[in-house]
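# Inside the fold
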Amino acid sequence: MILLTATWCGYCRKQRADFLAAGLAYAEFDVETDQLGRRLYEAPPTPRGVPVIIVADEWKIGYGEGLGAHLLRVNPQLAKPAAANAREGAARAPTASAG
């Protein structure tokens, strides 16, 4: 699964958070700063806006609330491996500050 985004896009941040919360495995490309992201974005069907979600040969343009959980239900193989989820959780865990 591929997520095409732009750094300035608030809906892209929401979609990313939705996918992370659902535990989806995906590749993300910025359409403005990543060459592959730009090529995918400009390929037919040329989307008008971001985020763009590509699963197999299906394209969805725009934010979809709850889309992560839905995609996981219909495509269980999109689940991120448990080890990757554990690493991300540890990376986001708050750290105690010395004081």
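These remarks concern the structure in this document. These numbers come from a predicted model, not from an experiment.

Below, the discussion takes up the overall build of the protein. The helix and strand tally for the protein stands at four helices and four strands. Traced from its N-terminal end to its C-terminal end, the protein shows the element sequence β-α-β-α-β-β-α-α. Buried residues in the protein amount to 33% of all 99 residues. Long-range contacts, defined here as pairs at least 24 residues apart, represent 57% of the contacts in the protein between residues at least 6 apart. When the accessible surface of the protein is totalled, it reaches about 6,200 Å², and 56% of it is carbon and sulfur.

Relative to each other, helix α1 (residues 10-22) and helix α3 (residues 67-74) sit at 45°, their axes nearing to 7 Å. In terms of orientation, α1 and α3 fall into the oblique class. Once α1 is placed against α3, the crossing between them reads as right-handed. Here Q15, D18, F19 and A22 of α1 lie close against α3, whose contacting residues are L67, G68, A69, L71 and L72. Residues that form the contact of α1 with α3 fall into these classes: six nonpolar, two polar and one charged.

Conventions we followed
Residues numbered from 1 in each chain as written. Predicted model: local features only at pLDDT ≥ 70, side-chain atom pairs only at ≥ 80, totals over all residues. Heavy atoms only, no water. Helix = DSSP H or I, 4+ residues; strand = E, 2+ residues; numbered from the N terminus. Buried < 20%, exposed > 50% of the residue type's maximum accessible area, 1.4 Å probe, protein only. Contact = heavy atoms within 4.5 Å. Areas by Shrake-Rupley, 256 points an atom, 1.4 Å probe, with all protein chains shown as cover. Axes fitted to C-alpha atoms, helices over the stretch in contact; angles between N-to-C directions. Parallel < 35°, antiparallel > 145°, perpendicular 65-115°, else oblique. Left-handed = near helix turned anticlockwise from the far one by under 90°. Nonpolar A, V, L, I, M, F, W, Y, C, P; charged D, E, K, R; others polar.

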